[in-house]
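These are the residues of each chain, in order.
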Amino acid sequence: SSIIMPSILPINQNWSFTQVGGGEVNADGEWIPASQFPTSTHAELLKLKKIPDPFVGLNEWDVQCKDFSEHHSVQLVELTWVSTGLGEAVWAFKTTFDVTEKELAEPNVDLVFEGLDTNAIVELNGHKLAETNNMFVSYRLSVKERLQLGTNDLLLTFPSSYLIGKELEAAHGKFALWNGDSSRLHVRTAQYRYGWDWGPVLLTTGPWKPVYLETYNVRIDDLRISTKVDESLAAVIDVTIALSSEVSAKASVALKDASGKALKTADIDISKGKGSTSFEAKAGELELWWPVGYGKQVLHTVDVQVADEGGKPLDSKTQKIGVRRLRIVQDPLEGEEGRSFLFEVNNVRIFCGGSNWIPADS
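Residues numbered from 1 in each chain as written. Predicted model: local features only at pLDDT ≥ 70, side-chain atom pairs only at ≥ 80, totals over all residues. Heavy atoms only, no water.

Some words on the environment of isoleucine 51
Here is step 1: Among the secondary structure elements, isoleucine 51 is positioned in the loop between α1 (41-47) and α2 (66-71).
Here is step 2: A sequence separation of 26 residues divides isoleucine 51 from valine 25, and the C-alpha atoms of the two residues are 9.4 Å apart. (Helix = DSSP H or I, 4+ residues; strand = E, 2+ residues; numbered from the N terminus.)

Looking at the side chain of arginine 184
Here is step 1: In this structure, arginine 184 sits in the loop between α5 (161-172) and β10 (194-196).
Here is step 2: As a buried residue without a salt bridge, arginine 184 has its nearest oppositely charged side chain in aspartate 181, at a separation of 7.7 Å.
Here is step 3: A polar contact of 2.7 Å, which involves the side chain of arginine 184, links it to the backbone oxygen of asparagine 179.
Here is step 4: In this view, arginine 184 contacts Leu177, Asn179, Gln191, Tyr194 and Trp196; residues no more than four positions away in its chain are not counted. (Buried < 20%, exposed > 50% of the residue type's maximum accessible area, 1.4 Å probe, protein only. Lys, Arg positive; Asp, Glu negative; His and termini not counted. Salt bridge = Lys/Arg side-chain N within 4 Å of Asp/Glu carboxyl O. Polar contact = N/O pair within 3.5 Å; in protein donor to acceptor, adjacent residues only side chain to side chain. Contact = heavy atoms within 4.5 Å.)

Some words on the pattern of salt bridges
Here is step 1: This model, assessed by the stated rule, comprises 15 salt bridges.
Here is step 2: In this structure, arginine 140 and glutamate 214 form a salt bridge, with 2.8 Å as the shortest nitrogen-oxygen distance. Of this pair, arginine 140 sits in strand β8 (residues 139-142) while glutamate 214 sits in strand β12 (residues 211-216), and the two are 74 residues apart along the sequence.
Here is step 3: By relative accessible area, arginine 140 is classed as partly exposed at 29%.

Here's the deal with α5
Here is step 1: Compared with the 16 Å implied by 1.5 Å per residue over 12 residues, the 16 Å span of α5 between its first and last C-alpha is a close match.
Here is step 2: The set of residues buried in α5 consists of Ser161, Tyr162, Gly165 and Glu169. Along the long axis of α5, the arc covered by the buried residues comes to 100°, so they all point the same way. Turned more than 90 degrees away from the buried face of α5 sit Glu167, Ala170 and Ala171, all of them exposed.
Here is step 3: Directly beyond the C-terminal end of α5, a positive phi value near 100° is found at glycine 173. (Expected span 1.5 Å × (residues − 1). Arc of directions from axis to C-beta.)

Structure (structure tokens):
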């Protein structure tokens with residue numbers, strides 16, 4: 001019988017990678033087994049001892065691409081092969097995975113990439129499915145028509161996002177910045193890859209988050225929850241559900257406290273794939289979220305169960321939320337020009353400072 005609830009097939013085995021065209025790591029056409037998945041070029045090359053540990057001594061300079069070394073404010077030693085290859089090379093990752101008749105019979109089959117760093121070309125069984133350009137978003141591709149019974153070939157090719165950024169900067173102009181190469185501002189990627197005042201330049205690339213195949217009849221495509229807390233600290237929580245197709249369905253929604261106890265529940269009808277409900281809470285009825293030092297960081301859970309009109313489960317999703325009133329206070333200053341700029345949480349003005357955070361092992 002057909003699967004009702006969505007089913008996930010992880011694609012995390014038998015991955016290998018290569019520097020396209022060959023280089024110091026591999027000969028042209030030679031593929032190296034990946035030691036883990038998800039992964040990145042630097043993680044793999046470090047395990048293979050093809051690059052020195054960039055966090056030791058001055059090794060950072062040895063794993064940068066050529067342009068960075070030329071623009072570095074310190075006179076650099078002569079760099080190794082990776083100076084001209086690692087950040088500017090084209091890399092590829094590939095694997096195979098098996099698909100059964102049962103999976104092919106499902107109404108929908110999607111190939112999901114939770115994160116690709118950063119520019120990537122996705123090919124399945126020799127067919128180009130997509131080009132991606134954003135490290136921060138997931139990509140969902142409908143692949144039922146491209147899959148074949150048995151073995152399927154998946155190839156991800158990663159051109160240099162550094163060189164692509166340079167091309168975009170040449171086309172659109174330079175933007176102002178403090179750290180790193182200015183072309184980074186044109187690339188939707190982790191900006192610390194380009195170096196920080198206290199962090200190394202490591203232009204990683206690769207499938208940095210899970211990849212999987214998902215089969216389903218109908219799935220929750222989007223669960224949007226917004227909280228509004230007024231000055232009296234009464235709250236309204238709006239829940240909006242969008243399904244993957246314009247079907248009629250039933251949904252049960254529960255707002256639960258930190259212990260899992262249901263505080264509010266609602267049953268809603270979903271029409272043409274969309275449905276919504278609201279929960280109202282009086283002041284003091286829900287525990288509020290506070291910043292560290294001002295109170296507890298209480299999180300509530302919104303649990304959504306969707307079933308077809310006959311009551312068979314279709315999908316479920318949970319999301320954690322904090323309930324708080326947040327306001328930026330910009331009052332006119334007394335005796336001088338300008339306005340204040342401070343944050344007020346749950347009617348309490350707070351002190352906060354900010355900082356940039358890059359990976360701690362840097």
